[in-house]
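Chain residues, written in single-letter form:
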Amino acid sequence: MSLTLSIADVARQPEQLTAQLHAGDGSAFTARVLRGTDGAALGRYFDNLGPSVRGVYRPHPLNADHAAVLCDALDYGQLLPFVAIDGEDIDDGDIIGYFLVRIGLRNDDLLRYVDYGQSLLDEQCCTLAPCVADAWQERGLGSALFLHVTASLRRLGRRHLVLWGGVRGDNPRAQHFYRKFGFRHVGNFSAKCPDNLDMILDL
């Protein structure tokens, strides 16, 4: 198997970014990219998320209607969502984790990084927004899925990963997670939460 991939390669053979993994507690799960046929499963995942996850997730609505829209319009050249599937059945298992990856940078994020003096090229970057099912919090699922996602992005030739809209200042657990994997804090800004942190990982 080639170590390097293009987005076109992923579109033709998305299974190239599929892996059988284990969470920190030993539970088996499958990591793969979201498929157009995952609308119903993703909708169930979104609808079952609790308020603690919903309160810190920003990119898009977490409901079944949006899951259907997202899966119907999948374009890996723009969005490359990764999911964790409970167990080893990649087709019928429940979705238990969802890491949304944007290929490139959002304009709002890019402008803030320019203000910080960070010179970033869109073609070298990706943007991340992760969430994990409530029942799988603190079980090492997020860490295992994150390592798979970053390894996949390296294969795609990406060099930097930024957080989608930063991370809330009142979410120390998420900040600890990102720092654990080498994210650097590069600046602060105000939005819906008065104190938000921009963090970047050099892949």
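Residues numbered from 1 in each chain as written. Predicted model: local features only at pLDDT ≥ 70, side-chain atom pairs only at ≥ 80, totals over all residues. Heavy atoms only, no water.

Draft legend 1. Inspection of the overall build of the protein at higher detail. The number of helices and strands found in the protein is 7 helices and 9 strands. Against the globule reference of 17 Å for 203 residues, the protein gives a C-alpha radius of gyration of 16 Å, in line with a compact fold. With respect to the principal axes defined by its C-alpha atoms, the protein has extents near 45 × 40 × 35 Å. Total accessible area computed for the protein in this model is approximately 9,500 Å², and 50% of it derives from carbon and sulfur atoms. Charge separation in the protein, taken as the distance between the mean sites of 20 positive and 25 negative side-chain charges, equals 5 Å. (Helix = DSSP H or I, 4+ residues; strand = E, 2+ residues; numbered from the N terminus. Rg over C-alpha atoms; globule rule 2.2 N^0.38 Å. Areas by Shrake-Rupley, 256 points an atom, 1.4 Å probe, with all protein chains shown as cover. Lys, Arg positive; Asp, Glu negative; His and termini not counted. Charge placed at Lys NZ, Arg CZ, Asp CG, Glu CD.)

Draft legend 2. Broad picture of the packing of aromatic side chains. Per the stated rule, a full pass over the model turns up 9 aromatic pairs. Aromatic side chains Tyr-113 and Tyr-116 sit 5.7 Å apart centroid to centroid with 75 degrees between the ring planes, which places their arrangement in the edge-to-face category. Put simply, the rings of Phe-146, Phe-177, Tyr-178, Phe-181 and Phe-183 pair up and form one aromatic cluster. When the ring centre of Phe-189 is taken as reference, the NZ or CZ atom of Arg-112 above it lies at 3.8 Å. For the cation-ring pair, Arg-139 lies above Trp-136, with the distance from its terminal atom to the ring centre recorded as 3.8 Å. (Phe/Tyr/Trp six-rings, centres within 6.5 Å; stacked < 30°, edge-to-face > 60°. Lys NZ or Arg CZ within 6 Å of the ring centre and 35° of its normal.)

Draft legend 3. The arrangement of the nonpolar core in detail. Ranked by internal contacts, the top residues of the largest apolar core, which has 58 residues, are Phe-29, Leu-42, Tyr-45, Leu-80, Tyr-98 and Phe-146. The biggest single contributor to this core is strand E4 (residues 95-103), with 7 residues. When sequence neighbours within four positions are dropped, the list of residues in contact with Tyr-98 reads Leu-42, Tyr-45, Phe-46, Tyr-57, His-60, Leu-70, Pro-81, Phe-82, Val-83, Ala-129, Pro-130 and Cys-131. With 7 residues, the next largest nonpolar core counts Leu-120, Cys-125, Val-162 and Ile-200 among its residues. (Core = buried A, V, L, I, M, F, W, Y, C linked by side-chain atoms within 4.5 Å. Buried < 20%, exposed > 50% of the residue type's maximum accessible area, 1.4 Å probe, protein only. Contact = heavy atoms within 4.5 Å.)

Draft legend 4. Structural context of the state of the cysteines. Under the defined criterion, the tally for this structure stands at 0 disulfides. Between Cys-125, a cysteine without a disulfide, and Cys-126, which holds the nearest cysteine sulfur, the sulfur-to-sulfur distance is 7.7 Å. Between Cys-131, a cysteine without a disulfide, and Cys-71, which holds the nearest cysteine sulfur, the sulfur-to-sulfur distance is 13 Å. (Disulfide = S-S within 2.5 Å.)

Draft legend 5. Structural detail: unusual backbone geometry. Phi is positive for Glu-138, which is not a glycine, with a value near 65 degrees. Note that Glu-138 resides in the loop between strand E5 (125-132) and helix H6 (141-155).

Draft legend 6. Layout of the pairing of E5. Of all 8 residues that make up E5, 7 are buried, and the element is covered over most of its length. As paired strands, E5 and strand E6 (residues 160-163) are joined by 4 bridges and run parallel to one another. Paired with Cys-125 across the two strands is His-160, which belongs to E6. As a crossover connection, the stretch from E5 through H6 into E6 is right-handed. (Pairing = 2+ DSSP bridges. Right-handed = clockwise from strand over helix to strand, strands pointing away.)

Note that every value here comes from positions in space, so none of it alone points to a role or purpose.
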